[in-house]
Amino acid sequence: MYGTITQYMGTAYTGAGISHKYDKLIASASQTFFLKCPPTNAISNVLNEATTHYLKRGYDVDRFMDPVQPDKTDAIYVKGPNLLILQASHPVALEPADIGGKHKVISFYDVYDEVKLVGQNGIIVEKLAESGIALGKALQSLAEAKDIHDDWEKVNIRRMMWEVHENKIASLKEELFGTIKLNKEAAVSHRLIGSLTSGGAQDFIPSITKRLERRILIKGLPGTGKSTLMKALGSEAEKRGFDVQYGWCGLDPAGVDLVIFPELSVCLLDATNPHVYDVEYPGDELLDLVHMCEEDAEAEKEISVIHEAYTEKMLDAAGYMQAYAQAENSMKATMDTAIMPSIFEKKSKILSELT
């Protein structure tokens, strides 16, 4: 019987820089393989083959995708053996801290033909410089967009009926957990659900939530407490021994956009822009926080100006991300022409022999 596969975003390009949750995955894994390599598309194929290997053996696999190319794989986490295999060099460098123990390194630097690399050096250096400039501009635009979004939230925070919001949290705690307290420690995990990509904002909410019986889709304006509500319910679940998975925002790394309680087969998710979702499955329901925000004509005028400025900055960021992706992909394609296939395949087989 085949295992299941769930897709997440591996890293996210946010208003606070490049974000990831690999540190928490490494901490929870029984064994981690750090694949060290230059920028390349070839490692994605290796990870996809490893995914197939484990799925055929009945293991469930979490697959983490590359936001620059969302169809490319950056890491996989195999449940059961709790095995993590990740590309650990680019765009964030991750180093093993338990060599000889739970951490092992497989280097792919020796699979490249040095003569071919020398011949391609000019193109590689040029594209590396282009990608660095474009990424810097994208992250700057995202940082400016986050500041503008913070101003948007402040306007709505002033007109929120917070007592109503707190009462809703209390009623949801009662509805979801009642008086149950499990006789165990909660298992808590963290994932990124999406990011700004070369094609705009993208998330993997359908993949993440498709096997859940109940989805509570939260509709609300910026600053109306969507993330606050989910964090409060997650904290309550942890206290009661329920397992919790937090899905962190791909634009603001401090924000939660999804919380899952696996033992209840329930999730709550932010179903507003940039990941708009509506009732789709029998177990779906809407939770409206908009009505908790008092009407205010002056506030709406203020928000109109803020929204326009925010949209412009996000368009700038998306444009720079496209330029970054083009330069990155060109550089990777050039690097990959120097791979020596026989040596690369020999290295790749190590992963299929782990179990």
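The following paragraphs examine the structure supplied in this document. From a predicted model like this one, the values you see are computed outputs, not experimental measurements.

Focus: the packing of aromatic side chains
Thinking step 1. Within this structure, the stated rule accounts for nine aromatic pairs.
Thinking step 2. Aromatic pair W152 and Y310: ring centres 5.8 Å apart, planes at 70 degrees, arrangement edge-to-face. Here W152, found in helix 3 (residues 114-158), pairs with Y310, found in helix 7 (residues 297-336); they are 158 residues apart in sequence, far enough to count as distant. The exposure classification of W152 matches that of Y310, with both residues buried.
Thinking step 3. Ring plane angle 40 degrees and centroid distance 6.1 Å describe the contact between Y246 and W248, whose orientation is recorded as tilted.
Thinking step 4. Given the relative accessible area of 7%, Y246 is considered buried.
Thinking step 5. The cationic tip of R191 hangs over the ring face of Y77; the distance from NZ or CZ to the ring centre is 5.8 Å.
Thinking step 6. We note K347 situated over the ring of F108; from NZ or CZ to the ring centre the distance is 5.9 Å.

Let's talk about the packing of helix 4 (residues 162-177) against helix 6 (residues 226-239)
In a packed pair of helices, the relevant descriptors are the angle between the two axes and the axis-to-axis distance.
Thinking step 1. Direction vectors running N to C along helix 4 and helix 6 enclose 35 degrees, while the axes themselves pass 10 Å from each other. Taken as a pair, helix 4 and helix 6 cross one another with a handedness that is right-handed. In contact with H165, I169, L172, K173, L176 and F177 of helix 4, helix 6 contributes T228, L229, A232, L233, E236 and A237.
Thinking step 2. In terms of residue class, the contact of helix 4 with helix 6 is built from eight nonpolar, two polar and two charged.

Re unusual backbone geometry
Thinking step 1. Residues H90 and P91 are joined by a peptide bond in cis, for which omega reads 5 degrees.
Thinking step 2. With respect to the secondary-structure elements, P91 resides in the loop between strand 7 (83-87) and strand 8 (103-107).
Thinking step 3. Along the chain, N273 connects to P274 via a cis peptide bond; the corresponding omega equals 15 degrees.
Thinking step 4. In this fold, P274 is placed in the loop between strand 15 (266-270) and strand 16 (284-288).
Thinking step 5. Here N82, not a glycine, exhibits a phi torsion of approximately 50 degrees, which is positive.
Thinking step 6. Tracing the backbone shows N82 in the loop between strand 6 (73-78) and strand 7.
Thinking step 7. Of the residues examined, N82 reaches a relative accessible area of 26% and is grouped as partly exposed.
Thinking step 8. Of note in the backbone geometry, S265 takes a positive phi value of approximately 55 degrees without being a glycine.
Thinking step 9. Relative accessible area serves as the criterion here: at 13%, S265 is assigned to the buried category.

Criteria and thresholds
- Residues numbered from 1 in each chain as written.
- Predicted model: local features only at pLDDT ≥ 70, side-chain atom pairs only at ≥ 80, totals over all residues.
- Heavy atoms only, no water.
- Phe/Tyr/Trp six-rings, centres within 6.5 Å; stacked < 30°, edge-to-face > 60°.
- Helix = DSSP H or I, 4+ residues; strand = E, 2+ residues; numbered from the N terminus.
- Buried < 20%, exposed > 50% of the residue type's maximum accessible area, 1.4 Å probe, protein only.
- Lys NZ or Arg CZ within 6 Å of the ring centre and 35° of its normal.
- Axes fitted to C-alpha atoms, helices over the stretch in contact; angles between N-to-C directions.
- Left-handed = near helix turned anticlockwise from the far one by under 90°.
- Contact = heavy atoms within 4.5 Å.
- Nonpolar A, V, L, I, M, F, W, Y, C, P; charged D, E, K, R; others polar.

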